Amino acid sequence: MDFPATFLWGAATAPHQTEGNNLNSDWWARETLVPGMEPSGDATDSYHRYGEDMRLLADAGLNAYRFGVEWARIEPRPGQFSHAELAHYRRMIGTALELGITPVVTLHHFSSPRWFAEEGGWRAPNAADRFAAYVTKVTEILDGVDWVVTINEPNMMAMMVMVQEAMRAGQWQQWQSPTVDGDAERDRIAANLPSPTVEYAQPFIKAHHAVRDIVRARTGAKVGWSIANGALTAAPGAEHKLAEIRYQQEDVYLEAAAGDDFIGVQSYSSQQVGQDGVVAHPDHPDNTLTGAAYRPDALGIAVRHAAAVTGLPVLVTENGIATGDDSRRIDYTREALRGLAAAMNDGVDVRGYLHWSLLDNYEWGHWGPTFGLVAVDRQTFARTPKPSLGWLGATARSGLL
Ligand code: BGC
């Protein structure tokens, strides 16, 4: 059960979910337009309070922090780069390094500049060029960064693009984002969405490959991307269906990681695939605040699958649970880490574990599901560490479960 001394132990966040007032982003626009969506507003004000966030993490005993840089701030208009925002993110990286924290930097985490979306977003012919121009600029501030995640969950993004296109074509009455969860009806719909075809994966793969080469040429960082791993399993007799669905939802993205330095695994729950497709999580008292089944064993399934398909070292870039009961968070995480340790004992090369999330933050459309190791007062922005933060830090310090 021992973890190596070099293991990265930390937590993850994303800019749109924590910074606040991400005014030039497509998500900000969406929140004001779509009925029923709560706005992100000030989020957790981490734009100003990132130093406090990182100190809490370091003081607890953790040694790594995954955060993102926000494209909409860095390039608020096409080709117009903000030196002040680049300096801001450089200060974040510098703060992490000063605190002895290994920064894991995400270049794109769901939100894009509004202008990029208006140009046609990821399906526009020049999407990869646009992304590459932004990333080229960002490489100027990445000195000392060893880990870069290019695109967070391209498979979830492909799903979102597919849903948006269906909405525009009038096939959807209202916004039903696969990331906006916590409502039984929406969850049911999300779980039953058809898998985006491989065609939807192509723009992301192209963009990932383009910026991977740029980041490698201009920095010393290891480069990879992070995939939403469904830890899908087959119902009896549904092995073929599992293979088909898993290919479209996951494996096409895992295979595109060939030549990367690592694969980012993001795991929360597990779902079964039956003859007709993915089986929605049935209502159950144990379900988490996002309506997902309580499945701490998902992480072990996910890392084994990602390692088997890619042959790459694994960095767990997200794993966590939406719950109001922090002792459940500790139980879930302990169990998930046991599954991770077992996979490592079986030879899977895992370099680190980044818990989602450091903070109770904005969960893409609503504030209800709390994933944080730290609670945040949304008026004063006061941070209150939960017992799970101390527990994870102690586990990191000892390397023992
Ligand atoms: C995303 C996060 C999100 C988390 C919990 C992942 O899909 O990368 O942004 O908050 O899951 O739902």
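Within an unreviewed UniProt entry, the label attached to the chain reads Beta-glucosidase, and the organism entered is Actinoplanes derwentensis. As recorded by UniProt, the Sequence similarities (unreviewed entry) comment attached to the chain reads in full: "Belongs to the glycosyl hydrolase 1 family."

Caption draft 1: Region of the structure containing the overall build of the chain. From N to C terminus, the chain includes 14 helices and 13 strands. The C-alpha radius of gyration computed for the chain amounts to 19 Å, which stays within 12% of the reference 21 Å derived for 401 residues, consistent with globular compactness. Over its C-alpha atoms, taken along the principal directions, the chain stretches across nearly 55 × 55 × 45 Å. In the chain, which comprises 401 residues, the proportion classed as buried is 61%. The long-range fraction of contacts in the chain, counting pairs at least 24 apart against all pairs at least 6 apart in sequence, stands at 78%. For the chain, the accessible area works out to roughly 15,100 Å², and carbon and sulfur atoms hold 50% of it. Treating the 33 positive side-chain charges of the chain as one cloud and the 49 negative ones as another, the clouds have centres 3 Å apart.

Caption draft 2: Structural detail: the layout of surface pockets. A volume near 590 Å³ is recorded for the second largest pocket. Surrounding the second largest pocket, 24 residues form its lining, D26, R30, A117, Q164 and R168 being those nearest its centre. Those elements that provide at least two residues to the lining of the second largest pocket are α2 (26-33), α6 (114-118) and α8 (154-168). When residues in the lining of the second largest pocket are grouped by element, the largest group, 7 residues, is from α8. Residues belonging to the lining of the second largest pocket are distributed by class as follows: 13 nonpolar, 4 polar and 7 charged.

Caption draft 3: Fine view of the site of the ligand. Neighbouring the ligand are the residues Q17, H109, F110, N152, E153, Q266, Y268, E318, W356, E363, W364 and F371. Take E153: an N or O atom from its side chain is 2.6 Å from an oxygen atom of the ligand. W364 is positioned such that a nitrogen or oxygen atom in its side chain is 2.8 Å from an oxygen atom of the ligand. Here the shell around the ligand is built from residues that sort into 5 nonpolar, 4 polar and 3 charged.

Caption draft 4: Inspection of empty space enclosed by the protein at higher detail. According to the stated counting rule, one finds 2 cavities of 30 Å³ or more in the structure shown. Each pocket or cavity is described by its volume, and for the largest cavity that value is around 80 Å³. Forming the walls of the largest cavity are 13 residues, and the residues nearest its centre are T18, E19, S46, F67 and M92. Put simply, the parts of the chain that give the lining of the largest cavity at least two residues each are α1 (15-18), α3 (46-60) and β2 (64-68). No other element matches the 4 residues that α3 contributes to the lining of the largest cavity. Of the residues assigned to the lining of the largest cavity, the class counts are 7 nonpolar, 4 polar and 2 charged. Estimates place the volume of the second largest cavity at around 40 Å³. For the second largest cavity, the full set of lining residues is P15, G68, V69, E70, W71, T106, L107, H108, H109 and S111. Counting residues per element, the lining of the second largest cavity draws most heavily on strand β3 (residues 102-108), at 3 residues.

Caption draft 5: Representation of the environment of H48 in the model. When you line up the elements, H48 lands in helix α3. Through-space distance from the C-alpha of H48 to that of E19 is 7.6 Å; in sequence the pair is 29 residues apart.

Caption draft 6: Structural context of the packing of helix α13 (residues 326-345) against helix α14 (residues 387-398). Packing of α13 against α14 brings their axes to within 9 Å, and their N-to-C directions diverge by 25 degrees. Relative to α14, α13 is oriented roughly parallel. Here α13 and α14 pass one another in a crossing that is right-handed. Contact residues: α13 offers D326, R329, I330, T333, R334 and L337, while α14 offers P387, S388, W391, L392 and T395.

Caption draft 7: Local environment of the sheet that holds strand β4 (residues 147-152). An order of β1-β2-β3-β4-β5-β7-β10-β11 is seen for the 8 strands of this closed barrel, with the pairing classed as parallel. Each adjacent strand pair in this sheet contributes to an overall mean axis angle of 25 degrees, direction not counted. Summarising the sheet, strand β1 (residues 8-12) and strand β11 (residues 350-356) pair through 5 bridges and their orientation is parallel. Note that in β11 the partner of L8 across the bridge is G352. The sheet strands contacting α8 are β3, β4 and β5 (222-228), and the helix crosses β5 at an angle near 50 degrees. Running at roughly 160 degrees to β1, α14 makes contact with β1 and β11 of the sheet.

Caption draft 8: Examining the side chain of T288 more closely. Here T288 lies in the loop between β9 (277-278) and α12 (298-310). A residue is classified by how much of its surface remains accessible, and T288, at 12% relative accessible area, is buried.

Caption draft 9: Expanded view of α14. For α14, built from 12 residues, the straight-helix expectation of 16 Å at 1.5 Å per residue is met to within 8% by its first-to-last C-alpha distance of 17 Å. For α14, the set of buried residues is S388, L389, W391, L392, G393, T395 and A396. Contact partners of the buried residues in α14: β1, α3, α13, β11, β12 (374-376) and β13 (383-385). One or two steps after α14, the chain reaches G399, where phi turns positive at roughly 70 degrees.

Caption draft 10: A look at the packing of α3 against α14. Here α3 crosses α14 at 50 degrees, and the two axes come no closer than 8 Å. Relative to α14, α3 is oriented oblique. Facing α3, whose interface residues are L56, A58, D59 and A60, α14 presents L389, G393, A394 and R397. Taken together, the residues of the contact of α3 with α14 sort by class into 5 nonpolar, 1 polar and 2 charged.

Calculation notes
- Residues numbered from 1 in each chain as written.
- Predicted model: local features only at pLDDT ≥ 70, side-chain atom pairs only at ≥ 80, totals over all residues.
- Heavy atoms only, no water.
- UniProt positions renumbered as here; feature names shortened; annotations may be inferred.
- Helix = DSSP H or I, 4+ residues; strand = E, 2+ residues; numbered from the N terminus.
- Rg over C-alpha atoms; globule rule 2.2 N^0.38 Å.
- Buried < 20%, exposed > 50% of the residue type's maximum accessible area, 1.4 Å probe, protein only.
- Contact = heavy atoms within 4.5 Å.
- Areas by Shrake-Rupley, 256 points an atom, 1.4 Å probe, with all protein chains shown as cover.
- Lys, Arg positive; Asp, Glu negative; His and termini not counted.
- Charge placed at Lys NZ, Arg CZ, Asp CG, Glu CD.
- 1 Å grid on protein atoms, 1.4 Å probe; cavity = no way out; pocket = protein on both sides within 12 Å on 5 of 7 lines; lining within 4 Å.
- Points joined across faces, edges and corners; volume = space filled by probe spheres on them.
- Nonpolar A, V, L, I, M, F, W, Y, C, P; charged D, E, K, R; others polar.
- Near = heavy atom within 4 Å.
- Polar contact = N/O pair within 3.5 Å; in protein donor to acceptor, adjacent residues only side chain to side chain.
- Axes fitted to C-alpha atoms, helices over the stretch in contact; angles between N-to-C directions.
- Parallel < 35°, antiparallel > 145°, perpendicular 65-115°, else oblique.
- Left-handed = near helix turned anticlockwise from the far one by under 90°.
- Pairing = 2+ DSSP bridges.
- Expected span 1.5 Å × (residues − 1).

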